[in-house]
Amino acid sequence: MATETPPPSKTQARLPSTEEFVAVQESAEFGELRRAHRGFAFPLTVAFIAWYLLYVLLSNYAGDFMGTKLFGNVNIAFALGIAQFATTFLIAWWYSRHAAAKLDPKADAIKSRMEGGA
């Protein structure tokens with residue numbers, strides 16, 4: 001005897017079909033969402049990696065420069081190392097603001113339509 005699956009409850013979202021996923025993936029709205037994410041994430045990733053590699057290269061090949069005292073026992077190497085941490089947190093904060101303002105509304109609209117809420 002075959003059992004029927006019960007209809008989704010109000011708290012359980014409807015599962016879209018493969019065709020619906022493909023249609024959304026090919027839509028202009030999803031393309032805008034991808035561009036908004038990539039336009040922010042890729043340049044910042046490249047910039048941060050370049051900044052990190054600069055720090056590593058200076059640490060390896062410019063020891064005299066990195067050892068220059070700024071004040072007390074704090075030298076340039078220490079200041080740039082702390083700046084690496086600060087940059088990481090700044091980028092995470094900036095991305096969360098970008099995602100909340102630009103990505104989340106578009107993603108929520110797509111999700112609600114896919115789940116049958118629109």
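Residues numbered from 1 in each chain as written. Predicted model: local features only at pLDDT ≥ 70, side-chain atom pairs only at ≥ 80, totals over all residues. Heavy atoms only, no water.

1. Comments concerning the packing of helix α2 (residues 28-61) against helix α4 (residues 76-114)
Phase 1 of the analysis: Two elements in contact, α2 and α4, have axes separated by 10 Å at closest approach and are oriented at 175°. In terms of orientation, α2 lies roughly antiparallel with respect to α4.
Phase 2 of the analysis: Considered class by class, the residues forming the contact of α2 with α4 number 20 nonpolar, 6 polar and 4 charged. (Axes fitted to C-alpha atoms, helices over the stretch in contact; angles between N-to-C directions. Helix = DSSP H or I, 4+ residues; strand = E, 2+ residues; numbered from the N terminus. Parallel < 35°, antiparallel > 145°, perpendicular 65-115°, else oblique. Nonpolar A, V, L, I, M, F, W, Y, C, P; charged D, E, K, R; others polar.)

2. Let's talk about the side chain of Q84
Phase 1 of the analysis: Its location among the elements puts Q84 in helix α4.
Phase 2 of the analysis: Filtering out sequence-adjacent residues up to four positions away, Q84 remains in contact with F48, W51, Y52 and Y55. (Contact = heavy atoms within 4.5 Å.)

3. Some remarks on a nonpolar patch on the surface
Phase 1 of the analysis: A surface patch of nonpolar side chains, amounting to about 570 Å² of accessible area, comprises I49, Y52, L53, L57 and Y61.
Phase 2 of the analysis: Among the structural elements, L57 can be located in helix α2. (Patch = residues over 30% accessible without salt bridge, like charges linked within 9 Å, V, L, I, M, F, W, Y side chains within 5 Å. Areas by Shrake-Rupley, 256 points an atom, 1.4 Å probe, with all protein chains shown as cover. Salt bridge = Lys/Arg side-chain N within 4 Å of Asp/Glu carboxyl O.)

4. Examining the packing of aromatic side chains
Phase 1 of the analysis: Across all of its chains, the model carries 2 aromatic pairs by this definition.
Phase 2 of the analysis: Considering the side-chain rings of F40 and Y95, the 5.7 Å spacing of their centres and the 50° angle between planes classify their relative orientation as tilted. Pair noted here: F40 is in helix α2 and Y95 is in helix α4, with a separation of 55 residues, a long-range link.
Phase 3 of the analysis: Residue classification places Y95 among the partly exposed residues on the basis of a relative accessible area of 29%.
Phase 4 of the analysis: An aromatic cluster of at least three residues, connected via ring pairs, comprises F40, W94 and Y95. (Phe/Tyr/Trp six-rings, centres within 6.5 Å; stacked < 30°, edge-to-face > 60°. Buried < 20%, exposed > 50% of the residue type's maximum accessible area, 1.4 Å probe, protein only.)

5. Comments concerning the nonpolar core
Phase 1 of the analysis: Grouped together as the largest cluster of nonpolar side chains are 6 residues: L33, A36, A99, L103, I110 and M114.
Phase 2 of the analysis: Secondary structure elements with two or more residues in this core: α2 and α4.
Phase 3 of the analysis: Residues within four places of I110 in sequence aside, it is in contact with V24, E29, F30 and L33. (Core = buried A, V, L, I, M, F, W, Y, C linked by side-chain atoms within 4.5 Å.)

6. Quick notes on α2
Phase 1 of the analysis: Compared with an ideal rise of 1.5 Å per residue, which puts 34 residues at 50 Å, α2 spans 48 Å between its outermost C-alpha atoms and is within 8% of the ideal.
Phase 2 of the analysis: Remark: the principal bend of α2, roughly 25°, maps to R38.
Phase 3 of the analysis: Where the residues of α2 are buried, they touch α4. (Expected span 1.5 Å × (residues − 1). Bend = angle between axes of the 7 residues up to and from the residue.)

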